[in-house]
Structures are given as C-alpha cells and as structure tokens.
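Okay, here's what each chain looks like letter by letter:
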Amino acid sequence: MRSASSTAPGTRRRVTTAALAALTALAGALAWTTTGPAPAADAAECAAAFSPGTVYVGGDTVSYEGQNWTAKWWTVGTAPDAAQQWGVWSAQGECGGTTPTDPPTEPTDPPTEPGDFVVSKAQFEQMFPDRVAFYTYEGLVEALEAYPGFATTGGDEVAAREAAAFLANVDHESGGLKYIKEINEANYPHYCDETQPYGCPAGQAAYYGKGPIQLSWNFNYKAAGDALGIDLLNDPYLVETDPAVAWKTALWYWNTQSGPGTMTGHEAIVGGHGFGETIRSINGALECDGGNPAQVQSRVAAFQEFTRLLGTTPGDNLTC
C-alpha cells in the first residue's frame, strides 16, 4: 500500500501548532487571574443533527452531543467520536441554541440493509480458488461491520460493482489472496518513519506490507488502528494472524484513504467516477498515466470477470 497523504510525515508542524496553542491557553489563564473572566462568547449555531442512515460527503457539517462536526470524506453510519483522531469527523467546537429537529434529507438511493454481503461464499471461492487458508470468507464478512456503507450503497447494481472493484484490486495486490505479507524481507526495515512522535514501538522491521491491500509504514498502522479501535501500532502482526483484522485494514484503506489519487476507492465507485480511479488511489503513482499499462489491464480484467460473476455491470472509465 502506498503512503496515504493524510498520514504522511509532517508532524512537526502539528506539534508546533499544539505548542503554540498551549502557550496561548497559559497566557489566557494568567490574564484571568489578574483581570477576571472575560464575557462568555456566544456558541456557534448548531448544524442539523447527525443521522446514522444519511450519506455525508467531505465538507458536510452536523451537530452531535453539543458540538458541530465536519466530515473529512464520504461516510454513512459512523457517528462523530472525539476519541478517534484519525476518524472521518473533525470537531468544530461547541454549539448552542436549538439543534434542528429535522434530520438531513435522506439520500434518494439509501444504503441497503447490511448483513447479507452481495458476494456469496460460493462466489468468493470461485473468485479466489487458490487462496491460502488465512483469507477466510467469514473473516471478510465479520470485517464488513467496520464499514456498513461498503457494498450496500447506491442500489444493487452499484453495490455489487463496488464489491467486485474492491476484490479485483485485492486479487491483484495479493496475487489472488496467496500472499499474507510482503515477499521481499529485505524491505522490512524500510517502513519505519522515525520522525513520527510515536516511533516504531514494535520494532523497526515490523511495519512491512501485510494483508489483502498490503498495509505498510508505521504511520499507516497507527492511522488504521486508531480508526478501527485496534492497537496496530504496538501489535502490527495482528494483520497477518487475524483474518478479520486483515480484511478490516483493507476496508479502511478502501473507504477512507485516497492514496496517490484524489478520492477513495469507495467514492470512485459509488460516485460514478469509474474503476480507473480505484487503481489511482491504490497504486496510481506507479501504474496510471501510462506508468504500467500491463498492471492496469490486469486489474481491469479481474474487475470485468468479477462483475460478470456477480451479475452486475463494470460501468465506464475502467482505466487510469
């Protein structure tokens, strides 16, 4: 997996900002002791209340538990949570007044009911006849709970198309689910970015590519673990020992990371941008715009086969 822009190195700027905020807060506290409390500022007006069944896109603002929140990317069913610093929602501060009682307008084509994956076990086994035993269908189905909007949004045709697109890219990245971890062990020590404040507590050579979409780098393990509520920074080996965790990391990337592209894989399919944009989000820096057309075509061929198997259509814009 290529480094996601949202998790790439650059924390010193954030640390500097945090330090400045701390100094500002301290100065404010000292001023209070000498001059008394300042008049209370009016809280911002509350946005429309968060609705679990509503599809939100980047920039949408909701209110939840007395605060306004802004979505960073496409989401459905994930409530704002201040504890998840890498999550989809960004806190905008407390809000006052009366929260609108009418929920946001429901999408014209809401997500279908979760629970029944559009890919059956028989179809999964047909897609990956030579997979290793680690990659179980049951692990995949369990992992779907982390992202209920995946392969359930946009109606039956689009939902099946998204499942086919995700699994086609998985097929390419993992050699048909034959590889659990990166083959070239000489690369293992290269995925520790020591400039990150949390370092590499599991060891410098612990953050090599693992799972269906080869999660790599300590900052990606940190971001994925925070989003999923799993301590992958300290135990990155869960991705190669727990099938559900492995699938969850792949779904995390698909649903929340744009990588070298401009959108997530999920948004590319649900938004009608085409399978080519999913390639760009995963490995576009090396494959798209003529970089490696044979690799692009390999992904496209798997996608076309999987859409045929699932009885759906591939749509337009297959390449990048």
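Residues numbered from 1 in each chain as written. Predicted model: local features only at pLDDT ≥ 70, side-chain atom pairs only at ≥ 80, totals over all residues. Heavy atoms only, no water.

Some details on the overall build of the chain
Helix and strand content of the chain: nine helices and six strands. In the chain, once contacts between residues fewer than 6 apart in sequence are set aside, the share between residues at least 24 apart is 61%. With an accessible surface of roughly 15,100 Å², the chain has 53% of that area assigned to carbon and sulfur atoms. (Helix = DSSP H or I, 4+ residues; strand = E, 2+ residues; numbered from the N terminus. Contact = heavy atoms within 4.5 Å. Areas by Shrake-Rupley, 256 points an atom, 1.4 Å probe, with all protein chains shown as cover.)

Considering the nonpolar core
Counting residues in each nonpolar core, the largest one holds 64 residues, and the members touching the most others are F117, F150, F166, L167, W247 and W252. When contributions to this core are tallied by element, the ones reaching two or more residues are α2 (121–127), α3 (137–143), α4 (156–173), α5 (218–228), α6 (243–256), α8 (275–287) and α9 (293–310). By residue number, the principal contributor to this core is α4, which donates nine residues. The contact partners of F150, leaving out residues within four places of it in the chain, are F117, L144, E162, A163, F166, L251, W254, N255 and H266. (Core = buried A, V, L, I, M, F, W, Y, C linked by side-chain atoms within 4.5 Å. Buried < 20%, exposed > 50% of the residue type's maximum accessible area, 1.4 Å probe, protein only.)

Focus: α5
Within α5, ten of the eleven residues are buried, which leaves it mostly tucked inside the rest of the structure. Buried within α5 we find N218, F219, N220, Y221, K222, A223, A224, G225, A227 and L228. The elements touched by buried residues of α5 are α6. Positive phi appears at G229, one or two residues downstream of α5, with a value of about 75°.

Comments concerning the sheet that holds strand β6 (residues 89–96)
Read from one edge to the other, the open sheet built from four strands follows the order β1-β6-β4-β3, with strand pairing classed as mixed. Either end of the sheet is taken by a strand with one partner, and the two such strands are β1 (44–45) and β3 (61–64). Judged from the two bridges that link them, β1 and β6 form a sheet pairing that is parallel. The residue of β6 that forms the bridge with A44 is C95. (Pairing = 2+ DSSP bridges.)

Overview of the pattern of salt bridges
Applying the stated criterion across every chain yields a total of ten salt bridges. Across the pair E138 and K121 runs a salt bridge whose closest N-O atoms are separated by 2.9 Å. Linking E138 in helix α3 with K121 in helix α2, this pair joins segments that are 17 residues apart in sequence. Owing to a relative accessible area of 45%, E138 belongs among the partly exposed residues under this scheme. The exposure class of K121 is partly exposed, given its relative accessible area of 39%. Ionic pairing is found between E240 and K181, a salt bridge with its closest N-O pair at 3.9 Å. Of this pair, E240 sits in the loop between α5 and α6 while K181 sits in the loop between α4 and α5, and the two are 59 residues apart along the sequence. Note on K181: relative accessible area 35%, which makes it partly exposed. Residues joined by salt bridges that share partners form a network here, namely E173, E287 and R299. (Salt bridge = Lys/Arg side-chain N within 4 Å of Asp/Glu carboxyl O.)

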